[in-house]
Amino acid sequence: MMTEMVRRVEVIDSHTGGEPTRVVIGGGPDLGAGSMVERVARFREFHDEFRSAVVNEPRGSDVMVGALLCDPVDPECVAGVIFFNNVGYLGMCGHGTIGLIVTLAHLGRIGPGEHYVETPVGRISARLHESGEVSVFNVQSYRYREKVTVDVPGIGAITGDIAWGGNWFFLIEEHGQELSLPRVDHLTEFTARIMEALAAAGVTGEGGQPIDHIELFGPPSHPYLDSRNFVLCPGKSYDRSPCGTGTSAKMASLFAAGKLQPGQIWRQESIVGSVFEGYVALRDDRVYPTIKGTAYVNAESTLILDERDPFCMGIRR
């Protein structure tokens, strides 16, 4: 193998409640200086093939979320990070942040305690507990619009709330679907139709930002849990975890409806049975969610990017 044709990328893989995160710790693109917003713009414009190479087939899969480690601007932060998936970039990722913190601990870069991380949507903090669990103190979250109805071809009228939890969500309680793992193919198609209908109808988040996550809610599998969800992510993959930003959006919506008090624990179950615990706090009359979950490192790998490989940069849609 001719070394000049090969690029090596060092990654650590983990999963949070079943949802994978691949952290790039070496061999990533040089995005220069500036904020995470400026760097993600350069990533998107000049290095998007690298995103595809890391998370798309044949090295990755539709469900894989990547996290590119960056030097932080803020000296109080242990890292900067840009999250990405099979079709683009994520402003924030709750399960990915938990995976990132556990990965940094695995590498010996941090220990138990509170740590700050820079993301494209702002600085967040996370606490690594002695137990190995991680609490993520998320960005301000809020319900943007209540009881929005959209006509979905082949389904009919669907009503939900639009909420921000670090990404934009359409939250649906009344949907008539059984939320069970054997039905994920049907649920994926059902929620994909809703996402397409929202876009076609021009229904967006604040400032015209696209709603790129659909979240269905139903009864949990155990009485000590509060809810079970199914979350469709960008790229039409479903979240195996309860979704950190989705749980944040849900709790912000519940608070706006007077159904969740500050500090009250909300236990959100995923479609595969994993659980996040969360609560909201008020600061200056704004809602800030906290999500607690667990991640496990399951691989240390070197990705080989051989320019002779016709699928070196991934199979792109």
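Right above here is the structure, for reference.
These notes cover the structure that comes with them.

**Here we look at the overall build of the protein chain**
Thought 1: Helix and strand counts for the protein chain stand at five helices and 17 strands.
Thought 2: The C-alpha radius of gyration computed for the protein chain amounts to 19 Å, which stays within 12% of the reference 20 Å derived for 317 residues, consistent with globular compactness.
Thought 3: For the protein chain, the share of sequence-separated contacts (at least 6 apart) that also reach a separation of at least 24 residues comes to 63%.

**Concerning the pattern of salt bridges**
Thought 1: Inspection of the entire model under this criterion finds 13 salt bridges.
Thought 2: Across the salt bridge formed by Arg127 and Glu114, the nearest N and O atoms sit 3.2 Å from each other. Linking Arg127 in strand S7 (residues 122-128) with Glu114 in strand S6 (residues 113-119), this pair joins segments that are 13 residues apart in sequence.
Thought 3: Arg127 gets classed as partly exposed once you look at its relative accessible area, which sits at 32%.
Thought 4: Because the salt bridges share partners, they merge into one network encompassing Asp48, Arg51 and Arg316.

**Overview of the nonpolar core**
Thought 1: Membership of the largest hydrophobic core comes to 59 residues, with the highest contact counts inside it found for Val134, Ile158, Phe170, Ile194, Leu198, Ile214 and Phe230.
Thought 2: Sorting elements by how many residues they give to this core places helix H4 (residues 184-200) first, with eight residues.
Thought 3: In this structure Leu198 touches Val150, Phe170, Val203, Ile211 and Ile214, once residues within four positions along its chain are discounted.
Thought 4: Listed in part, the 20 residues of the second largest apolar core include Val9, Phe43, Met64 and Cys70.

**Focus on H4**
Thought 1: With 17 residues, H4 extends 24 Å between its outermost C-alpha atoms, agreeing within 8% with the 24 Å of an ideal straight helix rising 1.5 Å per residue.
Thought 2: All of the buried residues along H4 are Val184, Leu187, Thr188, Phe190, Thr191, Ala192, Ile194, Met195, Ala197 and Leu198.

**Digging into the packing of aromatic side chains**
Thought 1: What the rule picks out here adds up to seven aromatic pairs.
Thought 2: Between Phe230 and Tyr238, the ring centres sit 5.8 Å apart and the planes meet at 25°, which makes this aromatic pair stacked.
Thought 3: Counting every residue linked through ring pairs, the aromatic cluster contains Phe43, Phe50, Phe84 and Tyr89.
Thought 4: Directly above the aromatic system of Tyr288 lies the positively charged group of Arg283, at a separation of 3.9 Å from the ring centroid.

**Focus on the packing of helix H1 (residues 36-46) against helix H2 (residues 48-55)**
Thought 1: Here H1 crosses H2 at 85°, and the two axes come no closer than 5 Å. Here H2 runs roughly perpendicular to H1, going by the angle between their axes. Across from Phe43, Arg44 and Phe46 in H1, the residues of H2 making contact are Asp48, Phe50 and Arg51.
Thought 2: Taken together, the residues that form the contact of H1 with H2 break down as three nonpolar, no polar and three charged.

**Comments concerning the pairing of strand S11 (residues 168-172)**
Thought 1: Across the five residues of S11, five count as buried, placing the element largely inside the fold.
Thought 2: Across four bridges, strand S10 (residues 156-164) lies against S11 in antiparallel orientation. When the bridges of S11 are listed, Trp164 appears paired with Trp168.
Thought 3: Linking S10 back to S11 in an antiparallel pair, the connection comprises three residues, with Gly166 at a positive phi of about 115°.
Thought 4: At this point the chain moves from S11, through H4, to the parallel strand S12 (residues 213-218), and the crossover so formed is right-handed.

**Some thoughts on the environment of Ala33**
Thought 1: Along the chain, Ala33 falls in the loop between strand S2 (19-26) and H1.
Thought 2: The spatial distance from the C-alpha of Ala33 to the C-alpha of Val73 is 8.1 Å, given a sequence separation of 40 residues.

Reading the values: the criteria
- Every chain is numbered independently, its residues counted from 1 as its sequence is written.
- Two thresholds apply to this predicted model, a pLDDT of at least 70 for residue-level local features and 80 or more for giving and counting side-chain atom pairs, whereas whole-chain, interface and lining totals are computed over all residues.
- With hydrogens and water stripped out, all remaining heavy atoms of the structure feed into the side-chain values.
- Strands are runs of DSSP state E lasting at least two residues, helices are runs of H or I lasting at least four, and both sets are numbered from the N terminus onward.
- Put simply, the radius of gyration uses C-alpha atoms, and a globule should come to 2.2 Å times the residue count raised to 0.38.
- Two residues form a contact once any of their heavy atoms are found within 4.5 Å.
- Salt bridges are identified by distance alone: a Lys or Arg side-chain nitrogen within 4 Å of an Asp or Glu carboxyl oxygen.
- Per-residue accessibility, obtained with a 1.4 Å probe over protein chains only, is compared with the maximum for each type, and a residue is labelled buried under 20%, exposed over 50%, and partly exposed between these values.
- In plain words, nonpolar cores are sets of buried Ala, Val, Leu, Ile, Met, Phe, Trp, Tyr and Cys residues tied together by side-chain atoms within 4.5 Å.
- A helix is expected to span 1.5 Å for every residue after the first.
- Working definition: rings of Phe, Tyr and Trp (its six-membered ring) pair if their centres are within 6.5 Å, and the pair is stacked with planes under 30 degrees apart, edge-to-face with planes over 60 apart, and tilted otherwise.
- A ring is scored as having a charge over it whenever the NZ atom of a lysine or the CZ atom of an arginine sits within 6 Å of its centre and within 35 degrees of its normal.
- Axis lines are fitted through C-alpha atoms, for helices just across the contact stretch, and the angle between N-to-C directions can take any value from 0 to 180 degrees.
- Any angle that falls under 35 degrees is termed roughly parallel, while one over 145 is termed roughly antiparallel, one within 65 to 115 roughly perpendicular, and all others oblique.
- Residues are sorted three ways: Asp, Glu, Lys and Arg are charged, Ala, Val, Leu, Ile, Met, Phe, Trp, Tyr, Cys and Pro are nonpolar, and all the rest, Gly among them, are polar.
- One requirement defines pairing of two strands: DSSP has to find at least two bridges between them.
- We call a crossover right-handed when, viewed with the strands running away from us, the connection from the first strand over the helix to the second turns clockwise.

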